[in-house]
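Tertiary structure, described
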Amino acid sequence: MNVTHISAECYPVAKVGGLADVVGALPKYQNSASFSSQVIMPFYDNKFTKANTFNTVYESQLNLADTSYPFKILTLKEPLLDFDIFFVDVPELLFKEYVYSNDDTERFLAFQIATLDWMLTWDAYPDYIHCHDHHTGLIPFMLQESFKYEAFRKIPNILTIHNAQYQGWFSHKKVNLIPPFNFENVGFLDWGGSVNPLAAAIKCAWRITTVSPSYMEELKLSANGLENLLNHESAKCSGILNGIDWNVWDPETDNYLVSNYNTKTVVSGKKANKKHLCDTFNLDVKKPLFAFIGRLVGEKGSDLFPEAFKDILEKGDASILLLGSGHDDTEIQLEALKNDYKGTYNAFIGYDESLSHVIYAGADFLLMPSRVEPCGLNQMYALRYGTIPIVRRIGGLKDTVIDISEKNGFGICHKDVTVSDITNAIDRGTSLYENNTTYKKLSKQVMGIDHSWNASAKEYIKLYKSI
Ligand SMILES: Nc1ncnc2c1ncn2[C@@H]1O[C@H](COP(=O)(O)OP(=O)(O)O[C@H]2O[C@H](CO)[C@@H](O)[C@H](O)[C@H]2O)[C@@H](O)[C@H]1O
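All of these numbers come straight from a predicted model, not from anything done at the bench. (Residues numbered from 1 in each chain as written. Predicted model: local features only at pLDDT ≥ 70, side-chain atom pairs only at ≥ 80, totals over all residues. Heavy atoms only, no water.)

1. A short note on the domain arrangement of the chain
Which entries qualify depends on this criterion: By convention here, the domain bounds are inherited from an automatic or database domain assignment. Only heavy atoms matter for contacts: two residues are in contact if any of them lie within 4.5 Å across the pair. Summed over both partners, the accessible area (1.4 Å probe) lost when two parts come together is defined as the buried area. Any Lys or Arg side-chain nitrogen found within 4 Å of a carboxyl oxygen on Asp or Glu counts as a salt bridge.
The domains assigned to the chain are domain 1 (2–245 + 454–466) and domain 2 (266–447). Here the C-alpha centroids of domain 1 and domain 2 sit 33 Å apart. Contact residues are listed per partner, giving 20 residues for domain 1 and 17 residues for domain 2. Surface buried jointly by domain 1 and domain 2 totals about 1,500 Å² across both partners, of which 58% is contributed by carbon and sulfur atoms. Here domain 1 and domain 2 share 1 salt bridge between them.

Structure follows, in structure tokens:
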């Protein structure tokens, strides 16, 4: 049996956030569970494509309404990954330095059409098609309604929602970009007066999954306008918790770290990495180090950081380090704090994959005060590196972190997203850190929690087979 994953991101080829991590790991684990899994993604003009060479496996033209675009399907000359990966190269639309921009309707429609056009030429079609997020959300609709793709009608397809905030809306004026379909069924595309690719997928896909069970339940109450639809379609919806790639995220082999460590050497290993991190960012190594890694957007609660950090830093008993980029306002405020709290606060505004690894290893605590968190991978990376997560009880965070006050607890949880919730949680972290023996014991304990994809990859296979 085999599955074809279709996605805008895949690590290590192109990563904006957690979607890439999932699509870069799940196929690997599915392959090792005796299932054959491959990925189709766009060909971007980025570091990965510059560093590698590719073979052309197919060439043709696709149509967006009356405009024709040449495209190629490429594959890696030297197989680098633990799964087959194919790239859709539409030079005019997709081959850019960025993944997302403001002409995504045309870009991702071209990606989806080229993918399906190419698949029509295969000798054997996939057993399952697995789409990820709204960028591939029109595929379930096209499989069901477009005349051209009638041959695919019986292939079970699944859409995983990694983040329902983004839905890919566009005007009905552009509906003719979609290959001809039975216009009586145009309603499948619509939600609230626009074409909504995520809504279309929720209506047409054979199964819908979210990246944690709690997020599925939360979406039925609040899903940026799609809650009624999700309630209506709930019979085919379920939540499967993400995993992490234990080979990429392994403190024992991680090349980015100055000192590798395992559960036996966690105390000395973390100490060496913390020292390196504190030296690099001019932070007081004796104080507990609280870190944040992620997009600086409302969903992550990062707009509250400037005020919360000031409150904490004024007390002088903790250090804070932040890695992220996003809203201009937040970036400016977080950058400005650097001048006021030299020696206990620093921030790297930008994206840096290697630094993220060093922070997971060197920090004592990882902050995730998310307003919305479909799953969250950072808390699982933190656990793997012996770093205690401080999370808001929401979505996947609720499903993966137990508060230290509860049975078998190992993390710090807070109920709401307010400045005082964040500062109280950090204060609890500071107290925990002062109790050196308990902190060290927890740090060792959390490294043993298995959040690898082993279990969840099998759950997806079980779901495919149940269709
Ligand atoms: N500035 C920076 N520099 C370096 N690395 C950075 C970075 N900012 C973020 N990252 C990395 O990007 C990934 C973020 O993953 P998350 O799952 O936490 O969030 P995201 O919101 O992108 O994903 C969405 O999809 C995933 C996958 O399903 C869900 O887990 C999540 O809840 C949902 O919001 C991590 O690997 C993190 O280390």
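Further notes follow.
2. A look at the sheet that holds strand S3 (residues 54–64)
How we decide: Should DSSP find at least two bridges between two strands, the strands are regarded as paired. Starting at the N terminus, helices and strands are each numbered in turn, a helix being any DSSP run of H or I of at least four residues and a strand any DSSP run of E of at least two. The axes used here are C-alpha line fits, helices contributing only the stretch in contact, and every angle between their N-to-C directions lies in the interval 0 to 180 degrees.
Spatially, 9 strands are ordered S3-S4-S5-S2-S1-S6-S7-S10-S11 in an open sheet, and the strand pairing comes out mixed. Because the sheet does not close on itself, it has two edges, and the strands there are S3 and strand S11 (237–239). Adjacent strand axes in the sheet meet at a mean angle of 25 degrees when their direction is disregarded. Both S3 and strand S4 (residues 67–76) contribute to a ladder of 10 bridges, which runs antiparallel. The residue of S4 that forms the bridge with Leu-64 is Thr-67. Helix H3 (residues 104–120) contacts strand S1 (2–6), strand S2 (36–42), S3, S4, strand S5 (84–89) and strand S6 (128–132) of the sheet and is inclined by roughly 115 degrees relative to S3. Its contacts with the sheet put helix H4 (residues 138–145) on S1, S6 and strand S7 (157–161), and the angle it makes with S6 is roughly 140 degrees.

3. Quick notes on the nonpolar core
Here is a general trend for soluble globular proteins: nonpolar side chains tend to be buried in one another's company. Using the following cut-off: As used here, the term nonpolar core means buried Ala, Val, Leu, Ile, Met, Phe, Trp, Tyr and Cys residues forming a set that is joined through side-chain atoms within 4.5 Å. Classification of residues uses two cut-offs on accessible area relative to the type maximum, computed with a 1.4 Å probe and protein chains only: under 20% is buried, over 50% is exposed, and between them is partly exposed.
If you look at the biggest cluster of nonpolar residues, it comprises 85 residues, and the most contacted ones within it are Leu-277, Phe-290, Phe-309, Leu-322, Tyr-345, Ile-359 and Phe-365. Composition of this core by domain shows at least three residues from each of domain 1 (2–245 + 454–466) and domain 2 (266–447). Setting aside anything within four residues of it in sequence, one finds Phe-290 in contact with Ala-318, Ser-319, Ile-320, Leu-321, Phe-365, Leu-367, Ile-390, Ile-426, Gly-429 and Thr-430. Counting 78 residues, the second largest nonpolar core, distinct from the first, contains Ala-14, Leu-198, Ile-208 and Leu-226.

4. Some thoughts on the UniProt feature "domain: Glycosyl transferase family" (unreviewed entry) in the chain
So the rule is basically this: UniProt positions are given in the numbering used here, feature names are shortened, and annotations may be inferred rather than shown by experiment.
When the UniProt feature table is mapped onto this chain numbering, "domain: Glycosyl transferase family" (unreviewed entry) sits at residues 282–428. Secondary structure over residues 282–428 splits into 39% helix and 22% strand, and the C-alpha atoms at its two ends are 24 Å apart.

5. Here we look at the side chain of Asn-163
The following threshold applies: Counting of polar contacts relies on pairs of N or O atoms within 3.5 Å, with two restrictions inside protein: one atom must be capable of donating a hydrogen and the other of accepting it, and residues adjacent in sequence are counted only when both atoms are side-chain atoms.
Topologically, Asn-163 is positioned in the loop between S7 and strand S8 (190–191). Reaching out from Asn-163, the side chain makes a polar contact with the side chain of Glu-299 at a distance of 3.1 Å. Sequence-distant contacts of Asn-163, defined by excluding residues within four places in its chain, comprise Asp-133, Tyr-215, Arg-295, Glu-299 and Pro-374.

6. Brief notes about the site of the ligand
To keep things clear, this is the line we draw: Nearness is defined per residue: one heavy atom within 4 Å of the molecule or strand is enough.
Close contacts around the ligand come from 29 residues, with Lys-15, Asp-21, His-162, Arg-295 and Glu-373 the closest. Gly-18 is positioned with one of its backbone polar atoms (N or O) 2.9 Å from an oxygen atom of the ligand. Cys-375 places a main-chain nitrogen or oxygen 2.9 Å from an oxygen atom of the ligand. Counting residues per element, the shell around the ligand draws most heavily on helix H1 (residues 18–32), at 4 residues.

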